[in-house]
Amino acid sequence: MLGPISRPSKFAPRGLPLQRSGSAQFDEVVAIEVTRLEKRLPQVVARVEFAIEDVPNLELDATEIPLTHATGGTSHEPYRIVVFRRPIELRAERSGSGLSWLVRSALVLELADVLALSPEQIDPDFDTDDD
């Protein structure tokens, strides 16, 4: 149980948990950012599957922890972009950057890399210096 259950009300007829888990909040942030990208570039994002995993599967000699990872993109399968929850959450906490900004940046940079476009072509408002 993640928290106490609220009593039914006109806003929540069956009652709702009063607190969502960190992973549920993260999933919502990713969904919002993917939806925002879909509205801007529906034909591009339609060719991509998005997934969320807690942590990347790293090799022992890895020097960097990725925030995202892309695979696929062949004629038989779409691109698949995996967003790693814990590395993004930890980096957002340490850097003071907002979680949604970091998710947005990671998605834009990965999409730009996968599709061989500039980040500004994916998101004209993209700016790596935002906070």
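Within every chain, residues take consecutive numbers counted from 1 along the sequence as written. Only residues with pLDDT of 70 or above have their local features reported here, since the model is predicted, and side-chain atom pairs are shown and tallied only from 80 upward, although totals for entire chains, interfaces and linings are computed over all residues. Side-chain descriptors were evaluated using all non-hydrogen atoms of the structure, hydrogens and water having been removed beforehand.

- The protein appears in an unreviewed UniProt entry as Zinicin-like metallopeptidase from Kribbella rubisoli.

**Structural notes on the sheet that holds strand β2 (residues 68-72)**
Then, in step 1: Two strands form a pair only when DSSP identifies at least two bridges running between them. Helical segments are the DSSP runs of H or I of at least four residues, strand segments are the runs of E of at least two, and each set is numbered from the N terminus. If you walk across this open sheet you meet the three strands as β1-β3-β2, and the pairing is mixed. The strands lining the two open edges of the sheet, one partner per strand, are β1 (48-53) and β2. In this sheet, neighbouring strand axes are inclined to one another by 20° on average, regardless of whether the strands run parallel or antiparallel.
Then, in step 2: Contacts are assigned to residue pairs that have any heavy atoms within 4.5 Å of one another. Interaxial angles span 0 to 180 degrees and are taken between N-to-C directions of axes, which are lines fitted to C-alpha atoms, for helices over the stretch in contact. Helix-sheet contacts for helix α1 (residues 22-40) involve β1 and β3 (79-84), and the interaxial angle to β1 is about 165°.
Then, in step 3: Relative to the sheet, helix α4 (residues 99-115) contacts β1, β2 and β3, its axis offset from that of β3 by approximately 155°.

**Here we look at the side chain of Thr 68**
Then, in step 1: Mapped onto the fold, Thr 68 is located in strand β2.
Then, in step 2: In the analysis that follows, any N or O atom pair within 3.5 Å is treated as a polar contact, provided that within protein one partner can donate a hydrogen and the other can accept it, and provided that, for residues neighboring in sequence, both atoms belong to side chains. Within the structure, the side chain of Thr 68 is placed 2.5 Å from the side chain of Glu 110, a separation counted as a polar contact.
Then, in step 3: Ignoring sequence-local partners within four residues, the contact set of Thr 68 consists of Ile 81, Val 82, Val 83, Phe 84, Ala 106 and Glu 110.

**Focus on the side chain of Arg 104**
Then, in step 1: Here Arg 104 lies in helix α4.
Then, in step 2: Those residues within four positions of Arg 104 in sequence are excluded, and the remaining contacts are Glu 33, Arg 36, Asp 123, Asp 125 and Phe 126.

**Points about α4**
Then, in step 1: Helix span, as expected, comes to 1.5 Å for every residue beyond the first. End to end, α4 covers 24 Å across 17 residues, agreeing with the expected 24 Å (1.5 Å per residue, within 8%).
Then, in step 2: When accessible area is computed with a 1.4 Å probe and restricted to protein chains, residues below 20% of their type maximum are described as buried, those above 50% as exposed, and intermediate ones as partly exposed. The buried count for α4 comes to 13 of 17 residues, which makes it a mostly enclosed element.
Then, in step 3: A positive phi of about 55° marks Ala 116, the residue just after α4.

**Section: the pairing of β3**
Then, in step 1: The pairing of β1 with β3 spans six bridges and is parallel. Across the sheet, the residue bridging to Val 48 is Tyr 79, located in β3.
Then, in step 2: Looking at chain direction, β2 and β3 are connected through five bridges and run antiparallel. Bridge pairing links Gly 72 to Tyr 79 in β3.
Then, in step 3: Linking two consecutive strands that pair antiparallel, namely β2 and β3, is a turn of six residues; a positive phi of about 90° is found at Gly 73 within it.

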